[in-house]
Structure formats: C-alpha cells, structure tokens
Amino acid sequence: MSPADLRGAVAIVGVGQAGCGEARGRTEMEILAEASRLAVADAGLTMDQIDGLATASSSSAMWGLSVVEYLGLRPRFVDSTMIGGSSFVAHMMPAMLALASGQCDAVLVCYGSTQRTATINRAAIKRARRQLEPHPYEDPYEPLPPLTSYALAAARHMHQYGTTREQLAHVAVAARQWARLNPEAFMRDPLTVADVLASRMVSDPLTVRDSCLVTDGAGAYVMVRADRARDLPREPAYVLGNATAIWHKQISAMPDLTVTAAAESGRRAYEMAGVGPADIDVLELYDAFTINTLLFLEDLGFCPKGEAGRFVEGGAIAPGGSLPVNTNGGGLSCVHPGMYGVFITIEAVRQLRGACGERQVDGAHLALVHGNGGTLSSQSTAILGTRETL
Amino acid sequence: MATMNAEQSAPGAQRAYFTHLAEGRFLIQRCGACDRHVFYPRVLCVHCGSPRLDWVAPAGTGTVYSTSIVRRKAEDGGDYNVALVDLDEGVRMMSRIEGVALDRIAIGMRVRARIAAGDEGPVVVFDPARGDER
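Given the structure is predicted, the values throughout are model-derived calculations rather than measurements. (Residues numbered from 1 in each chain as written. Chains lettered and ligands numbered in written order. Predicted model: local features only at pLDDT ≥ 70, side-chain atom pairs only at ≥ 80, totals over all residues. Heavy atoms only, no water.)

Peer 1: For the pattern of salt bridges, give the residues involved together with the corresponding values.
Peer 2: Considering all chains together, one arrives at 24 salt bridges over all chains under this definition. For Glu 347 of chain A, the salt bridge goes to Arg 359 of chain A, with nearest N and O atoms at 2.8 Å. Pair noted here: Glu 347 of chain A is in helix 14 (residues 341-353) and Arg 359 of chain A is in the loop between helix 14 and strand 10 (366-373), with a separation of twelve residues, a long-range link. Its relative accessible area of 6% is what places Arg 359 of chain A among the buried residues. Note that Arg 96 of chain B and Glu 98 of chain B form a salt bridge whose closest N and O atoms lie 3.0 Å from each other. (Salt bridge = Lys/Arg side-chain N within 4 Å of Asp/Glu carboxyl O. Helix = DSSP H or I, 4+ residues; strand = E, 2+ residues; numbered from the N terminus. Buried < 20%, exposed > 50% of the residue type's maximum accessible area, 1.4 Å probe, protein only.)

Quick look at the structure:
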C-alpha cells in the first residue's frame, strides 16, 4: 500500500467557525464546541455519529481528553498530535488511515483559542512555558517567541536573494486586499506598502504589520469516507494528498533558513495527489509572518528559490492577480488565534464549494493548503479537490 | 550490587556544557565515529547516532549567519541583538553580538566567542573578530 492508494478516499464534508475575532466572554472550549456543532450540522450529521477526534492545544497537555468529555464523545480514534499551527493540516493523514481501515466512520478535527480576550496574562504564560519547556541554548538570548526566529529567516532571505522589505510588505497588502472582500475578516481597513513600512518595527526586518493577528477563534471540520460523502448534503472536498515534514524545532537548528521542510511535504503531497503546482487553482498558506508566504511559494514550486519577493511585488497573489493566495485574508488580516491550520483548511473547502461570495476564485477545483508550526519547524501540505478532480 | 561505570556517573551533556562555561571554558562536541562537530551538546551524534562524543575547544571564531535587532523600550533595557553564528567547526548557535553598534552588525561579519555573565549563568557571546570592527 502507498499513500497514493488513499487519494480521494476521504472527504471533508462539514466546516464551522465560532468566536473569530473576539469571543466576548466565552471560553476556548465553548467556542471550540460551537464551531464543532456547526461543522457537524454542516455535514448533515449529529454529534453522536462522530466517532473520531483530532485536536490540539498549545497550553493543555491532555486536551484531547477534555474535548472528548466536553462534547460527550465516545471516540474509537483520537489524535492529539501537537506540532504547532500545522497540526490541523497534519491531522488529515492519520484520520484518513483510521477512516479507510474502518477504525472509525466520522472524524471531527477542531481547535479553539481565546488568546486575545482571555484574562490570563500572556507574560505569565511566557514565563510558565520557559519553565515547562526550556530551550537552554536559545532562551538566554531572549529571542521574541516566535517572531525573532522568523525575522532571522527573513534577514537571511534578504541577504541571500536581494528580497526587500517592500516585497515583504506586498504580502501583507495582498492579504489585506483579500480580507476587504471577506466580511468575516478581522482587519479590513485599507493598507498600503507605505503603511507597512512605517509600522512599528518589532524584530528587524519584521514590523507589526508583517506579523499575524492576535485574535480569538475556533474552527472545525468533519471527514468521512468518500462513499458516504456522496450521500451528505454538502459538495465534498476530497483529500487528494497530505504529507508532513519536520526537520528541526529551534531556529538555531534549522539547516538553511531559506529552505523549509515544505519542500519535502509539498513534494510528497503532490506525489500522492498526482498533481503539480501548475494544476493548483487556489492556495491557502500559513502566513504567520510575511516571510512565510514567500518561503512557501518557493518551496511548494510556484516560483524558483529566491524569486518570491519579485513574484509578489507585481500583485500576483492579490485579488485579480495570476495566483490567488490566502483568499480569506490570511493570518495577517483575517484570523489568527495562536494556531491557524484549521482555518486555512476551512477556507480551502469553502473555495471548492464555490461559497466565498465576493472573494470566490472562479473555477476553483484544486486547492493547496499549507500549514506551518513552531519556528518554520513543522510543515504539512494538503491538496483538496472537487469531485471533478477525482 | 551494581556499580556505576565512569560514563554512567558523569554529568549529562547539558550540565557539562554549562559547568565548562562556569569554569571559563567554551567547549563543543566532536563525534569520535564520524569526526563531525555537534552543537548543542547531546548524548548521541546528530549526524551518525554514535554515543562517542568528545569535548573539544573550538577555535572560537565564526561568521554571522543571520541577525536581528529586537526592539525594546528604553526603560526595559533598550534594543538588543539576536544572531545566529556559524562556528568555523561547522556548527551553528544562537548568540548575541556585542562590542559594536547594533546597526553595524551584518550577515557575513567575522566574530570571536567570549564567555559573558548572563542573568541565569554564563553565556557565549561574540565580538567582532580583529580586523572586522567597523
């Protein structure tokens, strides 16, 4: 058996979001449960039909247990793998294996965070994290977690390939232009390259506008086997490929700061799906920082290594450009509650359903979702398609 | 009754590294099996998996691989540098470049290691190598 045997064997049949932006007095579990309820209803299923669960938390060590308990599930499959923001893309493959083998029949993937409005002090979390998960060879130098690590990657890309701050700013501007077409996006005011360049520098060369939002939000999606998907109310988004690659955790251990493990996860996902970059209609890339989008465009084969800055400066990834990227407005302008992977998956499904209103990409049949976690550490690529692509 | 051999009774690699620093010695590891250097200190070689790691003194010279200025309010201590330095032995480490204005720290700059006092113990920092002060 090879991964390609699972191509199209499973589909995403329901999606839901809740509490995006500011959760207004609700807990992260409450908005997670609300998003899950919406996703299960969207799938035409009931919660008692969910017998598989994939979830992750950046603060709770036994989060899967808490979610099982809160939702009242009796799962036959649980995956609480936590590899950062890419987790909810990486959760696809184990779920596919569990569904294909008959271990379970319907998997709920879900996440929620109230990092924006929760009363717990973020400085206290930072101190606790340093105690619980020390990094003795980095912590003494006080890199901002995780921003300075991405800044070091951006600085190296600029040095090696002549990438400019203006080109990075074009990534943020394109994301904002998409967000302006999305009524659900958190930041929808106009944004120019000059605005980004003039915004507050945090860790050179990255400004606050090169950085993702700090919002609340929860998202969930439901996966079933393809044969069952056909009988459910929504047009299925079939999982044609999914692969995850991890090469390091700390930025000081990343072999080459201009090449991410997306080069490997992308290659394996394309191979499983039997498609290549030229076939993709819409991309949802995890843009924790503007440099991410550039690195992933290169590593996933949409332009040669070192060329992504020049590729984006002409508006190629903005609405009306040649390559629709981050059509919800991205982590930069739509939503970013600590970990963002579930939201790029949801946006890809919505694009394949043709349900995106003003921001809908015409003829979107093949979507690439790419999740990132840690400090460019974990990379997970998924390729989703409509029934025409099977 | 079991007796511990020398290897089992020795402190772990992490404690040994910081003990060396406290004694004024910056030591890294070299693998006795594949001859490559290893950083940060481990109990097995990250290249070949061998446990035969020896402590060696690096030349202490290296090159700035990447660098950032972290912006911080003056009342909290002001801006500071975070850098990645490639030692001439072929390993990379996070550090801080001192002894030069923040805006003069550049990728490619040659630097030399020095042990400095940190808030929680000794740390390795780097100064511009002789001939590379600007």
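Peer 1: An account of empty space enclosed by the protein is requested, with residue identities and associated values reported.
Peer 2: All told, the structure shown has five cavities of 30 Å³ or more when counted by the stated rule. Of the volumes computed, that of the largest cavity is approximately 80 Å³. If you go around the largest cavity, the residues you meet are Tyr 137, Gln 250, Ser 252 and Ala 253 of chain A together with Phe 39, Tyr 40, Arg 42, Arg 92, Met 93 and Met 94 of chain B. Split into classes, the residues belonging to the lining of the largest cavity amount to six nonpolar, two polar and two charged. (1 Å grid on protein atoms, 1.4 Å probe; cavity = no way out; pocket = protein on both sides within 12 Å on 5 of 7 lines; lining within 4 Å. Points joined across faces, edges and corners; volume = space filled by probe spheres on them. Nonpolar A, V, L, I, M, F, W, Y, C, P; charged D, E, K, R; others polar.)

Peer 1: Describe the sheet that holds strand 1 (residues 28-31) of chain B, naming the residues involved and giving the relevant values.
Peer 2: Sheets are built from strands paired through backbone hydrogen bonds, the pairs being either parallel or antiparallel. All names here are of chain B. Spatially, 2-1-3 is the arrangement adopted by the three strands of the open sheet, whose pairing is antiparallel. One side of each edge strand has no neighbouring strand; the edge strands of this open sheet are strand 2 (37-38) and strand 3 (53-56). Across four bridges, strand 1 lies against strand 3 in antiparallel orientation. Bridge assignment links Ile 28 to a residue of strand 3, and that residue is Val 56. (Pairing = 2+ DSSP bridges.)

Peer 1: Explain the side chain of Thr 258 of chain A to me, and be specific about the residues and the numbers.
Peer 2: Assignment of secondary structure puts Thr 258 of chain A in the loop between strand 8 (237-246) and helix 10 (262-273). The residues contacting Thr 258 of chain A, other than those within four sequence positions of it, are Arg 156, His 157, Gln 160, Tyr 161, Leu 295, Glu 298, Asp 299 and Lys 305 of chain A. (Contact = heavy atoms within 4.5 Å.)

Peer 1: Outline the domain arrangement of chain A, supporting the account with residue identities and numerical values.
Peer 2: Residue and element names in this part refer to chain A. Domains assigned within chain A are domain 1 (3-118 + 216-239) and domain 2 (144-209 + 242-389). Its C-alpha centre places domain 1 at a distance of 23 Å from the equivalent point of domain 2. Taken together, the contacts link 44 residues of domain 1 with 42 residues of domain 2. Joining domain 1 to domain 2, the criterion identifies two salt bridges. Linking Arg 387 and Glu 235 is a salt bridge whose minimum nitrogen-to-oxygen distance equals 3.1 Å. If you look at where domain 1 meets domain 2, you find 16 residue pairs in polar contact (both at pLDDT 80 or more). Elements supplying a minimum of two residues to the side of domain 1 that touches domain 2: strand 1 (10-21), helix 3 (87-90), helix 4 (92-101), strand 4 (106-113), strand 7 (216-225) and strand 8. Element by element, the count of residues in the side of domain 1 that touches domain 2 is highest for strand 1, at eight residues. (Domains from an automatic or database assignment. Polar contact = N/O pair within 3.5 Å; in protein donor to acceptor, adjacent residues only side chain to side chain.)

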